[in-house]
Amino acid sequence: MQTTLRFQVEEEEKQKHIDKDSFPVYDNKFNKNIQFLKLHYPDLFKKVAHSRFDSHSIFFTKHGELNIVQLNSGETLYPLNCDQSQLSHAHDAGLTNYRIGKASNKAPCYHRDQSGLILGTDSIAEGQSCETLVCLGLGLGASSEYIIHSSQYKNVILCEPCWDFFLASLYRIDVSAIAESIHSKGGLLAFDVGEETPISDTLQTIQEHLNLKEFDVYQHLHYEEYDAVTIGLSQGLWGDDLKSFVDNTVMSYKKPSHETPLFCQSIRTELKGANDNASLVSSDLTARFNENLQAFDKFFPDISRAMATYRPQHWLLTVSGQGQYNLFHTEREAFWYTTELSQDIQAAYEAFVESPVQTVPSNNVGGGKLSHYTFYQYAQKVTAIMNRYGKTMKGLPDSVPSMIFLSLGIGLAQEKLIKNHDVEYLYVIEPNIDFFYWAMHFVNWSDILDSFNESEKHINFSIGDDGTYFIEDMKSSMSKLNGFYLFNSFLFIDRKHKNMASNIIEFREELSNLLTLSEHFHYAHYALSHTIENFKSKNCLVNVSHSNNVDGLLPIFVVGNGPSLDSSIEQLKELQENALVVSCGTALYSLWKNGITPDFHAELEQNRCTYSIISQIPDKEYLKKISLLAPCWSHPDTAKLFKNHYAVFITSSGGMQYLSHLKHRFGINPVLPKRPNPTVTNFAVSSLLALGFQNLILIGVDLGFKDITHHHSKDSLYYKDREEKFSYQKSMGRRLMVRGNFTHYVYTKPEFRISAKNLGHTISEGGGGLVKNTSDGAKIEGAEGVQLSDIHFDKSLSKKSFITDYFDKLFSSGLSEELYQELCSLCDVEEVERLFNQLMQLFEELDESFSNLNAVIKQQKKFLYDSYHKGHRVFYGLFVSTFNYVHATLLKVAHSQQEEDQQIAILNETLKELCEMLTLCHDAFKENPLALEDSDTTELVTPS
């Protein structure tokens, strides 16, 4: 895009001279305006005097013109020719006259073809109609200044909700000259700055003060509230009706499909001389669209069917007299691109290629309390090597393991990226269906889809999702690739979306979490050894099916260790016989301390830390009254603490690849809980719903807190004598504010926010319409917020018969021995060693310059996948994820910005460490294939 700071400024030394030459003139104007405000608008002056640029600032373009930039995104308010853009807008946009309480009959009419291409408009620029002008959006102010000096308005009201913009305008316009022009006519110059007063109230105040029956409006910027109020005025709305309409319309404009740039050219500027061009291009666009429909029908038939009958709802296509395309929002009358699409596309492409944005900001794999694992030890060594030499990317590499497109526009910049770079995995996210529809008219998806198919590369689409399911779709589509692909993943955004900014931040946080949870050798090894050891136990009951007929039966309490558990504990004591009680993680200690014995206890983690933490309960007989609900690969020592282990299969990827073999071999159909991470409560709820139990009641599942010192139950191991054992605030990382279940908001941390979001999806998709949330913490979508005291319980229901008649029938106690024997037969240590040596030998084919690195990586990937299809599931499960990490790391080093000799040295050093890691991992399996995890910490969190 041309509306980026990078595009509009020179390289550093040249820009310093431009700034030095340009600033004095504008600074003098600012000081002059400040003095004027001090004398004539003292209240406004006081606010200005205490204001500083916040989220925006001014800068000088390479042409020495003043512009405004959004500091976080780097988006500029105006294109490069910012002075001319403002004056053209003032000249062509025209003025609109509104008669108070009367509908307008001057709404623009757009002529369009069947596809949605605008062929022309009847809209014409209007001139002055009355004595009063309201300017909606000041920006730098040049447009409003031009209109005021070239008209005869007696009264002018300048409205600007953004204080940063108003401050910026004081560097650009001459307020005293504007005031003098208006006061010479005996009129009024007024300012409405900031967001304290709704624009509908401001207009009513103006009308009452000046006794107006009509006024003209010049709209310079497309704030949601300003677009809404002009539509309401055109419909004849006023007073409370107008205010209500504006509020409701602004809410709808928060959707990605309605977001527009703040500033854009007018429809009249765009369509000058366009009628002939529009009729010529329509047939070409239709031909490309039809070709793409056929291609999608072959690979993504659902998308093809949807697009075949789709017609754009809000965004139509325009073509200018110069043959430049654009996307136009007909309701808000705003364009997506500048007047020069070809330059926008080239600018966006070049900026990304020169300075690509990595999807996950940090690739550090630390391991936390499991940092002693060989994998994490060597991951830290590799990180240290990269830090020592520097890890700056030298632009976008020719070969890209993973690319994410977020918002296509018409897709031409993205198409150029795909043509010029070999992308192995592509994930296309387009929240705006209108945009994807138009991208189908421009992008040659037919060639792209055929190319990905022929090269056995991966491509997936998420269309029409506002951010709710980004991560779910990505995890599903990447299930065969492993999270380590994110090491070399790049994120290209067509244009920064203000209303999606929080979703994008959350998206990247969740991807970081996905990276943290990615499998590796130790996970796979212990998944196998723990499952074998657990299946050997007579107390292990294996899930084999699910139930469809448990509605209206005994409710199930899912008890978390949130702070609100403390206020619910007495009620829980009274009600424990009227429901099945499932404790989650550290909540067990709190229940024990209060004399409550749950029927089941849920655990998620694989390591032995769970044994160490649970063993702090001194009453071993207490634990033997409770059954464990946990993954089949839970630590055997933990499982032995309890009466029985109800074992659930949690995933079929990586270390659990043998699951598909077991399902086929024994004809079982175990449930696979959706979204069992990142907390044990996610596992418990998703498992219970997957098993068929929907009548769940969440207690103490806060996933947030109101007081940073009361973050868990004070009866839990986080406290001693109800005082914190350590500062939770120092260990939790970034503190976030989210909607509360019973209050406006609570505080939380990224992990808990992801947990609440995953729970919401799981409940909504799992038919969990009966799930109730009594916790006084974060809101969980899909769960009804209700006080525990307001729930009616049927005391005639028997807990014992419920477990016998329903729960136990979904698990088999007799199958575990057969599964144990089968898994033992799969553990062929000699076969694993033979295959491992063959795979490692492929590293010897690397040449001295590593120029064939990509080719060797492809050979190793093929070897791994071939081994799986040949039935070597244990070998594949043990090493596929760790080799994914090795490959991603080598590629990352290969793309670092170093001299060739230096880069080769780094690659050799890194490869040496990685091969040592792989060899140690293999030797650990060879020495003891059935070794159990041996971590022995009782730390509840790892300090950040």
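Everything below is about the structure shown above.
Thresholds applied
Residues numbered from 1 in each chain as written. Predicted model: local features only at pLDDT ≥ 70, side-chain atom pairs only at ≥ 80, totals over all residues. Heavy atoms only, no water. Helix = DSSP H or I, 4+ residues; strand = E, 2+ residues; numbered from the N terminus. Buried < 20%, exposed > 50% of the residue type's maximum accessible area, 1.4 Å probe, protein only. Contact = heavy atoms within 4.5 Å. Areas by Shrake-Rupley, 256 points an atom, 1.4 Å probe, with all protein chains shown as cover. Phe/Tyr/Trp six-rings, centres within 6.5 Å; stacked < 30°, edge-to-face > 60°. Lys NZ or Arg CZ within 6 Å of the ring centre and 35° of its normal. Polar contact = N/O pair within 3.5 Å; in protein donor to acceptor, adjacent residues only side chain to side chain. Core = buried A, V, L, I, M, F, W, Y, C linked by side-chain atoms within 4.5 Å. Domains from an automatic or database assignment. Pairing = 2+ DSSP bridges. Axes fitted to C-alpha atoms, helices over the stretch in contact; angles between N-to-C directions. Arc of directions from axis to C-beta. Salt bridge = Lys/Arg side-chain N within 4 Å of Asp/Glu carboxyl O.

Colleague: Any chance you could explain the overall build of the protein here in plain terms?
Modeller: What the protein contains, in helices and strands, is 36 helices and 30 strands. Split into buried and exposed, the 944 residues of the protein put 60% on the buried side. The contacts of the protein with a sequence gap of at least 6 include a subset with a gap of at least 24, amounting to 75%. Per element, the accessible surface of the protein, about 38,800 Å² overall, is 47% carbon and sulfur.

Colleague: Would you mind showing me how to read the packing of aromatic side chains here?
Modeller: Given two aromatic rings, their pairing is described by the distance between the two centres and the angle made by the two planes. By the definition in use, this model includes 53 aromatic pairs. Ring plane angle 55 degrees and centroid distance 5.8 Å describe the contact between Y310 and Y437, whose orientation is recorded as tilted. One end of the pair, Y310, is in the loop between helix 13 (301-308) and strand 10 (315-319); the other, Y437, is in helix 17 (residues 433-442), with 127 residues separating them in the sequence. For Y310, a relative accessible area of 16% puts it in the buried group. Clustering of aromatic rings is evident, with ring pairs tying together F600, Y646, F693, F802, Y806, F807 and F811. If you follow K381 out to its NZ or CZ, it ends over the ring of Y378, 4.2 Å from the centre. Seen from the ring of F452, K457 lies directly overhead, with NZ or CZ sitting 4.7 Å from the centre.

Colleague: Sorry if this is basic, but what is going on with helix 17 here?
Modeller: For an α-helix the count is 3.6 residues per turn, leaving residues at separations of three or four pointing the same way. Judged by how many residues are buried, helix 17 sits mostly within the fold: 9 of 10 residues are covered. Among all positions of helix 17, only D434, F435, F436, Y437, W438, A439, M440, H441 and F442 are buried. Capping the start of helix 17 is the job of one residue whose side-chain oxygen sits 3.0 Å from the backbone nitrogen of D434: N432.

Colleague: What's the story with the nonpolar core in this structure? I'm lost.
Modeller: The nonpolar side chains of soluble globular proteins are, as a tendency, buried together. F807 and F843 are the most contacted members of the largest nonpolar core, which totals 120 residues. When residues of this core are assigned to their parent elements, the largest contribution, 13 residues, is made by helix 35 (residues 873-894). Here this core gathers at least three residues from each of two domains, domain 3 (539-717 + 730-815) and domain 4 (828-927). If we skip the residues at most four places from it in the chain, F843 touches Q860, F883, V886, L890, L911, C915 and L918.

Colleague: I would appreciate a short explanation of the side chain of T3 in the present structure.
Modeller: As for its placement among the helices and strands, T3 is situated in the segment before helix 1 (5-8). Sequence-distant contacts of T3, defined by excluding residues within four places in its chain, comprise Q8, G74, E75, T76, Y78, P79, T338 and R495.

Colleague: How do you make sense of the sheet that holds strand 6 (residues 132-136) when you look at a structure like this?
Modeller: The strands making up a sheet are joined through hydrogen bonds of the backbone, oriented either antiparallel or parallel. The sheet built from 5 strands is open, its strands ordered 3-9-6-7-8 with mixed pairing. Edge strands, defined here as strands with exactly one partner in the open sheet, are strand 3 (96-99) and strand 8 (188-193). The mean angle between the axes of side-by-side strands here comes to 20 degrees, regardless of whether they run parallel or antiparallel. Inspection of the sheet shows strand 6 paired to strand 7 (residues 155-160) by 5 bridges, in the parallel sense. Bridged to T132 within strand 7 is N155. Along the sheet, helix 8 (residues 199-210) makes contact with strand 6, strand 7, strand 8 and strand 9 (214-219), crossing strand 8 at roughly 160 degrees.

Colleague: Would you take a moment to explain the sheet that holds strand 10 for this structure?
Modeller: Ordered by their spatial adjacency, 3 strands build an open sheet running 10-11-12, and the pairing between neighbours is antiparallel. Bordering the open sheet on either side are strand 10 and strand 12 (334-335), each of which pairs with just one other strand. For strand 11 (residues 325-329) and strand 12, the ladder comprises 2 bridges, and the chain directions are antiparallel. Within strand 12, the position partnered with H329 by the bridge is A334. The strands that helix 17 touches are strand 10 and strand 11; relative to strand 10, the one it contacts most, it runs at about 35 degrees.

Colleague: I would appreciate a short explanation of the environment of F60 in the present structure.
Modeller: Its place among the elements puts F60 in strand 1 (residues 56-60). Between the alpha carbons of F60 and Q8 there is a distance of 8.4 Å; along the sequence they are 52 residues apart. Other than its neighbours up to four places away in sequence, F60 contacts V9, Q15, I18, D19, S22, F23, Y26, E65 and L66.

Colleague: What exactly am I supposed to notice about helix 3 (residues 42-49) here?
Modeller: Within helix 3, the full set of buried residues consists of L44, F45 and V48. Projected onto a plane normal to the axis of helix 3, the buried residues spread over an arc of 100 degrees and lie on a single side. Residues of helix 3 that are exposed and point over 90 degrees away from its buried face: D43 and K46. Its buried side turned inward, helix 3 meets helix 2 (12-40), helix 6 (163-169) and strand 8.

Colleague: How do you make sense of the pairing of strand 27 (residues 745-748) when you look at a structure like this?
Modeller: In summary, the side chains of a regular strand alternate between the two faces of the sheet. Burial along strand 27 is one-sided: the face carrying V746 and T748 is buried and the face carrying Y745 and Y747 is not. In this sheet, strand 27 lies alongside strand 26 (residues 736-739) in antiparallel orientation, the contact comprising 4 bridges. Note that in strand 27 the partner of L736 across the bridge is T748. Connecting strand 26 to the antiparallel partner strand 27 that follows it, the hairpin turn spans 5 residues.

Colleague: What am I meant to see in the pattern of salt bridges here?
Modeller: Oppositely charged side chains are able to pair whenever their charged atoms sit close together. For the structure on display, the rule yields 30 salt bridges. Between R172 and D83 there is a salt bridge; the shortest N-O distance is 3.7 Å. Here R172 is found in the loop between helix 6 and helix 7 (175-183), whereas its partner D83 is found in helix 4 (residues 82-92), with 89 residues between them in sequence. With respect to class, R172 is no different from D83; both count as buried. Salt-bridge contacts for K799 lead to D599; the nearest nitrogen and oxygen are separated by 3.1 Å. Of this pair, K799 sits in helix 31 (residues 799-807) while D599 sits in the loop between helix 23 (587-593) and strand 20 (600-602), and the two are 200 residues apart along the sequence. Classification of D599 by relative accessible area gives buried; the value is 15%. Beyond isolated ion pairs, a larger network of salt bridges with shared partners links E12, E13 and K16.

Colleague: Would you explain the pairing of strand 18 (residues 556-559) in this entry?
Modeller: The side-chain alternation of strand 18 yields two buried faces, one formed by I556 and V558 and the other by F557 and V559. Of the pairings in the sheet, the one linking strand 18 to strand 19 (residues 580-584) comprises 4 bridges and is parallel in character. If you follow V558 over to strand 19, its bridge partner there is V582. Sheet analysis places strand 18 next to strand 23 (residues 696-699), joined by 4 bridges and oriented parallel. Among the inter-strand pairings, V559 is bridged to a residue of strand 23, identified as I699.

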